[in-house]
Amino acid sequence: MAEFHKADIEKLIDGVLPWPATQDIIKSPKDSDRFDKYIEIMQERVTFKETILLPLTPMLFIVSADGARVVKCRCGHDFGDYRTNWKLSSLIHVRDDEASLGEIYKGREMPDPSWTQLREYICPGCGSQLEVEAMPRGCPPDFEFLPDLDTFYSEWLGRPLPDSVASEDKTLETIADWSAAK
Ligand SMILES: [Zn+2]
């Protein structure tokens, strides 16, 4: 199985690896420790110390923090339990009229503001735009990825996590808790 240097994987992530070398990696079977190399690179780039369990995006990570599994931004901002859609805890900028959508789309490219919203999800910690989605009005934020971490670690990586939690969507539970607290 091919083994590539961490420095090359880092260049691949940053899009600065020369095309022939990139092709070389693409065409080869993945090296067995590719995931670990990727995590190692990302761990060096974030400002927090907690262990990254799984990257969600180049900016967002599921980390192990004091026995809990939470989503953190690269800046360290904590979005809470990974089983609740992190978007609920972000700052949300909504474009839903011609003036605001017109800053993004030109002419006929613009979706009909009477039914489309463009939502920009922003980190309260560092102000980075983490995600953008175009959704019909009234549609809840898309929960893009709820991984089964225990299965991934035990069956794919062959090293089970020390604890285990049920991989279930907690988003509605979180919203219910907010309602009850009022
Ligand atoms: Zn942030």
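Residues numbered from 1 in each chain as written. Predicted model: local features only at pLDDT ≥ 70, side-chain atom pairs only at ≥ 80, totals over all residues.

### So, the overall build of the chain
Counting its secondary structure elements, the chain contains six helices and seven strands. The order of α-helices and β-strands along the chain, N terminus first, is α-α-α-β-β-β-β-β-α-β-β-α-α. With respect to the three principal axes, the spread of C-alpha positions in the chain is 55 × 45 × 25 Å. Evaluated residue by residue, the chain yields a buried proportion of 14% over its 182 residues. Sequence-distant contacts in the chain: of pairs separated by 6 or more residues, those separated by 24 or more amount to 43%. (Helix = DSSP H or I, 4+ residues; strand = E, 2+ residues; numbered from the N terminus. Buried ≥ 20, exposed ≤ 12 C-beta atoms within 10 Å, placed from the backbone. Contact = placed C-beta atoms within 7 Å.)

### Focus on the sheet that holds strand S1 (residues 51–55)
Strands in a sheet are paired, the pairing made by backbone hydrogen bonds, and the direction either parallel or antiparallel. Taken in spatial order, the four strands of this open sheet run S1-S2-S3-S4, and their pairing is antiparallel. The sheet is open, and its two borders are formed by S1 and strand S4 (78–81), each paired with just one other strand. Within the sheet, the average angular offset between the axes of one strand and its neighbour, ignoring direction, is 35°. With six bridges joining them, strand S2 (residues 60–65) and strand S3 (residues 68–73) adopt antiparallel strand pairing. For serine 64, the partnering residue across the bridge sits in S3 and is arginine 69. (Pairing = 2+ DSSP bridges. Axes fitted to C-alpha atoms, helices over the stretch in contact; angles between N-to-C directions.)

### Remarks on the nonpolar core
The tendency in soluble globular proteins is for nonpolar side chains to be buried as a group. Core analysis: the largest hydrophobic core is formed by 13 residues, its most contacted members being Leu60, Ile62, Val70, Val71 and Leu130. Looking at this core, the elements with two or more residues in it are S2 and S3. Sorting elements by how many residues they give to this core places S2 first, with four residues. Residue contacts for isoleucine 62: discarding those within four places in its chain leaves Leu53, Leu54, Leu56, Arg69, Val71, Tyr82 and Leu149. (Core = buried A, V, L, I, M, F, W, Y, C linked by C-beta atoms within 7 Å.)

### Side note on the sheet that holds strand S5 (residues 91–95)
Pairing is antiparallel in the open sheet, where three strands are placed in the order S5-S6-S7. Of all the strands in the sheet, the pair left with one neighbour each is S5 and strand S7 (129–136). Adjacent strand axes in the sheet meet at a mean angle of 20°, parallel and antiparallel pairs treated alike. Examined bridge by bridge, S5 and strand S6 (residues 116–122) share five bridges and lie antiparallel to one another. Paired with valine 94 across the strands is arginine 119, a residue of S6.

### What to know about the packing of helix H1 (residues 6–14) against helix H3 (residues 34–45)
Interaxial distance between H1 and H3 falls to 10 Å at its minimum, and their mutual angle equals 70°. Viewed along their axes, H1 and H3 adopt a mutual orientation that is roughly perpendicular. Of the residues in H3, those touching H1 at Lys6, Ile9, Glu10 and Ile13 are Lys37, Tyr38, Glu40 and Ile41. Along the lines of polarity and charge, the residues of the contact of H1 with H3 split into four nonpolar, no polar and four charged. (Parallel < 35°, antiparallel > 145°, perpendicular 65-115°, else oblique. Nonpolar A, V, L, I, M, F, W, Y, C, P; charged D, E, K, R; others polar.)

### Concerning the confidence of the model for the chain
Summary statistics for the chain give a mean pLDDT of 91 and a share of 98% for residues scoring 70 or more. Mean pLDDT across the elements of the chain bottoms out in helix H2 (residues 19–27) (83) and peaks in S5 (97). (pLDDT = per-residue confidence, 0-100.)

### Some points on the pairing of S7
Both faces of the sheet carry side chains from a regular strand, because those side chains alternate between them. Bridging between S6 and S7 involves seven bridges; their strand directions are antiparallel. Across the sheet, the residue bridging to arginine 119 is glutamate 133, located in S7. Between the antiparallel neighbours S6 and S7 lie six residues, among them glycine 127 with a positive phi of about 80°.

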